[in-house]
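Each chain, letter by letter, is given below.
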Amino acid sequence: MIDTSELVRKLKTTGATRIALQFPEGLKRDAPGVASLLRDAGFFVVVSGDPCYGACDLATELLGMVDLVVHFGHSPLDDTPCIIYDPYRMDIDTEVLGIVIPHLSSTDIGLITTVQHTHMIPAITKYLASRGITCHSVHGGTRAPNPGQVLGCSYGAARDCQKDEILFIGTGRFHPLGVRLATGARVVALDPYCRTVEIVSTDRFLRRRFALIEVAKTAKNFGIILTLKSGQKRQQLAERLASMSKNAFVVALHEVSPDELLNLGFSCYVNTACPRLAYDDQERFSVPLISPQEFEIVCGSRTFEDYQIDEIT
Ligand code: SF4
């Protein structure tokens, strides 16, 4: 729920009069209501209509026409000036934790979640402590500023808690899978809304990635994708990967879409933009889209036994 009165109060303290609003895909429908309330409060308002999936993709180009950008839904990845963040918070009924307790094998675990639920970590920790389970949630680096917070491109909070068992609370399968790959820990995933519990396995994921790498090994040439988005641009990595094969070339672009890649005509792409593109969206692309570490396997500088999930550091 977006708290517009708190937002108006915060904006008034900045002295800004011209505001841009940037919503992630899941919150875009709130745009007309929030824009209207801010205009009634005396602000000139512009809504960013471009796709946005994270704080890695700030609408900084609008700063030419406004004083501040309000970015909804995510916490800051860096200290880009003139951006105000309004993370989205979703409460969890702690009683749902009762269904996960029988699936835990340890009484000393790591506890992680995504940004929407990090405010619930103290309450979850307290509930589990009352059932004899000690939870550890630590800071995982600058991309995820809240203790216990992971992103699809950053699992530092899971790694740094140094526990053999980790409880992930949240929705979707990608984050817990990433935690399992990044840590090797036993990962128990609780979806607090569907009320389901899963012991995370990476077998199916790794089988599919192995098959994709085998196809990539037959590629005639490789486009190394370098996005120009602020929090996803990994130029050094892209250049290093391009230097690993005489048939690899850096391809710079803003949006990575199946049509754009098809038109460019490379027979395999290596993704240095948001890591989830290669893992989640492979079916949308007609040629292999592999991660930097998978390209290293293709080039022979890494073995599949040393498979690593891609993270942005
Ligand atoms: S790079 Fe991808 S996973 Fe990381 S914050 Fe951006 S959208 Fe999320």
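Relevant structure appears above.
Keep in mind that this is a model prediction, so the values were computed, not measured.

Parameters at a glance
- Residues numbered from 1 in each chain as written.
- Predicted model: local features only at pLDDT ≥ 70, side-chain atom pairs only at ≥ 80, totals over all residues.
- Heavy atoms only, no water.
- Axes fitted to C-alpha atoms, helices over the stretch in contact; angles between N-to-C directions.
- Helix = DSSP H or I, 4+ residues; strand = E, 2+ residues; numbered from the N terminus.
- Parallel < 35°, antiparallel > 145°, perpendicular 65-115°, else oblique.
- Left-handed = near helix turned anticlockwise from the far one by under 90°.
- Contact = heavy atoms within 4.5 Å.
- Nonpolar A, V, L, I, M, F, W, Y, C, P; charged D, E, K, R; others polar.
- Near = heavy atom within 4 Å.
- 1 Å grid on protein atoms, 1.4 Å probe; cavity = no way out; pocket = protein on both sides within 12 Å on 5 of 7 lines; lining within 4 Å.
- Sits in = over half its atoms within 2 Å of the grid points.
- Buried < 20%, exposed > 50% of the residue type's maximum accessible area, 1.4 Å probe, protein only.
- Pairing = 2+ DSSP bridges.
- Right-handed = clockwise from strand over helix to strand, strands pointing away.
- Arc of directions from axis to C-beta.
- Salt bridge = Lys/Arg side-chain N within 4 Å of Asp/Glu carboxyl O.
- Phe/Tyr/Trp six-rings, centres within 6.5 Å; stacked < 30°, edge-to-face > 60°.
- Lys NZ or Arg CZ within 6 Å of the ring centre and 35° of its normal.
- Polar contact = N/O pair within 3.5 Å; in protein donor to acceptor, adjacent residues only side chain to side chain.

(A) A look at the packing of helix α6 (residues 203-216) against helix α10 (residues 292-299). Where α6 meets α10, the closest approach of the two axes is 9 Å, and the angle between their N-to-C directions is 55°. By the criterion of interaxial angle, the relationship of α6 to α10 is oblique. Two packed elements cross with a definite hand, and for α6 against α10 that hand is right-handed. Together, Arg209, Ile213 and Ala216 of α6 and Glu294, Ile297 and Val298 of α10 make up the contact between the two elements. Of the residues contributing to the contact of α6 with α10, the split by class is 4 nonpolar, no polar and 2 charged.

(B) Seen up close, the site of the ligand. Tyr53, Cys56, Arg143, Gly152, Cys153, Gln232, Cys274 and Ile312 make up every residue found near the ligand. Cavity membership is defined here by more than half of the atoms lying within 2 Å of grid points; on that basis the ligand lies in the largest pocket. Considering only residue class, the shell around the ligand consists of 5 nonpolar, 2 polar and 1 charged.

(C) Structural context of the pairing of strand β5 (residues 108-113). With 5 of 6 residues buried, β5 is to be regarded as a mostly interior element. Direction of pairing for β5 relative to strand β6 (residues 134-136): parallel, over a ladder of 3 bridges. Counterpart to Gly110 in the pairing with β6 is His136. Read from β5 through helix α3 (residues 121-129) to β6, the crossover connection turns out right-handed.

(D) Structural context of helix α2 (residues 31-40). Buried within α2 we find Ala31, Val34, Ala35 and Leu38. Take α2 and look down its axis: the buried residues cluster within an arc of 100°, on one side only. Away from the buried face of α2 by more than 90 degrees, exposed residues Pro32 and Asp40 are located. On its buried side, α2 packs onto α1 (4-14), β1 (18-22), β2 (44-47) and β3 (68-72). Within two residues after α2, Gly42 carries a phi angle of roughly 105°, on the positive side.

(E) Summary view of the pattern of salt bridges. This structure, assessed with the given rule, holds 17 salt bridges. One salt bridge in this structure joins Arg186 and Glu165, with 2.3 Å as the shortest N-O distance. Remark: Glu165 occurs in strand β7 (residues 165-169) and Arg186 occurs in strand β8 (residues 186-191); sequence separation between them is 21 residues. Residue Arg186 is classed as partly exposed on the basis of its relative accessible area, which comes to 29%. Residue Glu165 is classed as buried on the basis of its relative accessible area of 2%.

(F) Representation of the sheet that holds β2 in the model. Strand order across the open sheet formed by 4 strands is β2-β1-β3-β4, with parallel pairing between neighbours. Across the chains shown, the open sheet's two edge strands, defined by having one partner strand only, are β2 and β4 (83-86). When the angles between neighbouring strand axes are averaged without regard to direction, this sheet yields 25°. One ladder, built from 4 bridges, connects β1 with β2; its direction is parallel. Considered in β2, the bridge of Ala20 is made with Val46. Set on the sheet, α1 makes contact with β1, β3 and β4; between it and β3 the angle comes to about 155°. Each of β1, β2 and β3 touches α2; the most contacted strand, β2, lies at about 165° to it.

(G) View of the packing of aromatic side chains. A full pass over the atoms with the stated rule returns 9 aromatic pairs. Between Phe205 and Tyr279 the ring centres are 5.6 Å apart and the planes differ by 55°, which places this aromatic pair in the tilted class. One end of the pair, Phe205, is in helix α6; the other, Tyr279, is in helix α9 (residues 275-280), and 74 residues separate them in sequence. Here the aromatic rings of Phe249 and Phe266 are separated by 6.2 Å at their centres, their planes lie at 40°, and the arrangement is tilted. With Phe249 in strand β11 (residues 248-253) and Phe266 in the loop between α8 (258-264) and β12 (268-271), the pair connects residues that are 17 residues apart, well separated along the chain. Exposure remark for Phe249: the relative accessible area of 45% places this residue in the partly exposed category. Grouped by ring-pair contacts, the aromatic residues Phe174, Phe205, Phe210, Tyr279, Phe304 and Tyr307 constitute a single cluster. Here Arg131 stacks its cationic end above the ring of Tyr127, 4.1 Å away from the centre of that ring.

(H) Seen up close, the side chain of Thr114. Of note, Thr114 is situated in the loop between β5 and α3. Classification of Thr114 by relative accessible area gives buried; the value is 9%. Side chain to side chain, Thr114 and Gln116 meet in a polar contact 3.0 Å long. Aside from chain neighbours lying at most four places away, what touches Thr114 is Val150, Phe168, Ile169 and His175.

(I) Structural detail: the pairing of β1. Burial within β1 is extensive, with 4 of its 5 residues counted as buried. Each parallel crossover has a hand, and for β1 linked through α2 to β2 it is right-handed. Pairing geometry for β1 and β3, over 4 bridges, is parallel. Bridge pairing in β3 places Leu21 opposite Val70.

Without other data, these values stay purely geometric and don't point to any function.
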